[in-house]
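Working through the structure, step by step
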Amino acid sequence: MRTVDVGDLVARAREGSPRALARLITLVENASPHLREVMAALNPHAGTAQIIGLTGSPGVGKSTSTSALVTAFRKHGRRVGVLAVDPSSPFTGGALLGDRVRMQDHATDHGVFIRSMASRGHLGGLAWATPQAIRVLEAAGCDVILVETVGVGQAEVEIASLADSTIVLLAPGMGDSIQAAKAGILEIADVFVVNKADREGAHQTVRDLRNMIALAGKDGLDDWRPPIVSTVASKSEGIDELMERLDKHYAWLAGSGMLRKRRLTRARDEVEAIAVTALRERMGDLHGHQRLDVLAAKVLDGLCDPYAAADELVAAVTDAGR
């Protein structure tokens, strides 16, 4: 096993070394034994970046829109990190599509770091390590972090709990407006983008979205009403307006107190997920699941109910950890 100098890696990542940054994210993805040390070293430098999520059905132009946004942010002098979450290869568990190939325009820009992350079976359109990877990019000095989801359809609502601003992309002629209503997308979108707006049916898609937003009743003075931006990302058309809307939303979050509230929820979810994982590992260590098998048999035979069995299992895990 290669020795890891976490302090040196963190220092070089903060100085802008892409190799150090890539190594840190690899440690995160592989759940390295050094992960706790990495997070402890990074945490004092995290929490400063604007996090933007992009989600939508396959084919709406998420990667093209992400690339156009990177170009726009770089024109304003902002350092950008991109986490493009891809489906996993069934053979290697690695990222399958390779968004870095699709974003070659930024390959030589040292102010941009792009990483494809494998979902590895994790539902919700994200990789399980995405929150920790975001912390790595924040600590490395990224001003903006773009998180592009897999594109798995109706399960892709997890991004809303991770991003400060969530962009939902739709395209004309794909039935996306109907899917948006079915998937509850209205609840997670901070900004709607109708991409490929030069195609027939774009105006109808915009009208459908306006009607849905009106029906959702987001008219209160304290509520953010999601704007609709029409873009042709392949030509960078509408991207400046999209950036303006994103900046307005970020200002609204900061002014209303919602930014801290969202980030507090994000931190709580992250802590809870780590704690639950640790408990599962401890349960696995507890007599090789024998106690769980015994309790399951008791429930099946009617000797105790599942809640009582769960209480007994939690008590056993807790006692074992003392």
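What counts as what
All chains use their own residue numbering, which begins from 1 and follows the written sequence. With the structure being a predicted model, the display of local features is reserved for residues of pLDDT at least 70 and the display and counting of side-chain atom pairs for 80 or more, all residues being used for whole-chain, interface and lining totals. Hydrogen atoms and water are omitted, and side-chain values are computed over all heavy atoms in the structure. A helix here means a DSSP run of H or I that spans at least four residues, while a strand means a run of E at least two residues long, and both kinds are numbered starting from the N terminus. Two residues form a contact once any of their heavy atoms are found within 4.5 Å. Definition of a polar contact: a pair of N or O atoms within 3.5 Å, with one able to donate and the other able to accept a hydrogen when the atoms are protein atoms, and with sequence-neighbouring residues admitted only if both atoms are side-chain atoms. Three labels apply to residues, based on accessible area from a 1.4 Å probe with only protein chains included: buried if under 20% of the type maximum, exposed if over 50%, partly exposed otherwise in between. Joining through side-chain atoms within 4.5 Å is the link that ties buried Ala, Val, Leu, Ile, Met, Phe, Trp, Tyr and Cys residues into a set, and such a set is a nonpolar core. The predictor's confidence in any single residue is recorded as pLDDT, a number from 0 to 100. What makes a salt bridge here is a side-chain nitrogen of Lys or Arg within 4 Å of a carboxyl oxygen of Asp or Glu, nothing more.

Position of Arg-266 relative to the elements: it lies in helix H12 (residues 258-285). Taking the C-alpha atoms as reference points, Arg-266 and Asp-164, separated by 102 residues in sequence, lie 9.8 Å from one another. Those residues within four positions of Arg-266 in sequence are excluded, and the remaining contacts are Ile-51, Ser-161, Leu-162, Ala-163 and Asp-164. Looking at Arg-266, its side chain comes within polar contact range of the main-chain oxygen of Leu-162, at 2.9 Å.

On to the environment of Met-283. Counting through the fold element by element, Met-283 comes out in helix H12. Taking the relative accessible area as the measure of exposure, Met-283 reaches 23% and is therefore partly exposed. For the pair Met-283 and Leu-313, spaced 30 residues apart in sequence, the C-alpha to C-alpha distance is 8.2 Å.

Attention now moves to the nonpolar core. Ranked by internal contacts, the top residues of the largest apolar core, which has 45 residues, are Leu-24, Leu-42, Val-136, Leu-137, Ile-145 and Phe-192. The biggest single contributor to this core is helix H2 (residues 18-29), with six residues. Formed by 24 residues, the second largest nonpolar core is a distinct cluster that contains Leu-54, Val-70, Val-144 and Ile-167.

Before going further, it helps to examine helix H6 (residues 130-139). Within H6, nine of the 10 residues are buried, leaving the element largely enclosed by the surrounding structure. Buried within H6 we find Thr-130, Gln-132, Ala-133, Ile-134, Arg-135, Val-136, Leu-137, Glu-138 and Ala-139. Phi for Gly-141, located one or two positions after H6, is positive at around 95 degrees.

Moving on: the confidence of the model for the protein chain. Of the residues in the protein chain, 79% reach a pLDDT of 70 or more, and the chain-wide mean stands at 82. Across residues 88-100 the pLDDT falls below 50, and counting only partners more than four positions away or on other chains, this stretch makes 33 contacts in the model. This model gives residues 120-126 a pLDDT under 50, and the stretch forms 26 contacts once residues within four places in sequence are excluded.

Once that is clear, we can look at the pattern of salt bridges. If the charged atoms of two oppositely charged side chains come close together, the side chains can form a pair. The final tally for this structure, using the stated rule, is 11 salt bridges. The partner of Lys-235 in a salt bridge is Asp-198, and the shortest N-O contact between them spans 3.8 Å. Remark: Asp-198 occurs in the loop between strand S6 (191-194) and helix H10 (202-216) and Lys-235 occurs in the loop between strand S7 (228-230) and helix H11 (239-256); sequence separation between them is 37 residues. For the pair formed by Lys-235 and Asp-198, the shared burial category is exposed. A salt bridge links Lys-248 to Glu-244, with the shortest nitrogen-to-oxygen separation between them at 3.7 Å. Of this pair, Lys-248 and Glu-244 both sit in helix H11, four residues apart, which is roughly one turn of the helix. Look at the salt bridges and you will find they share partners, linking Asp-164, Arg-263 and Arg-266 into a network.

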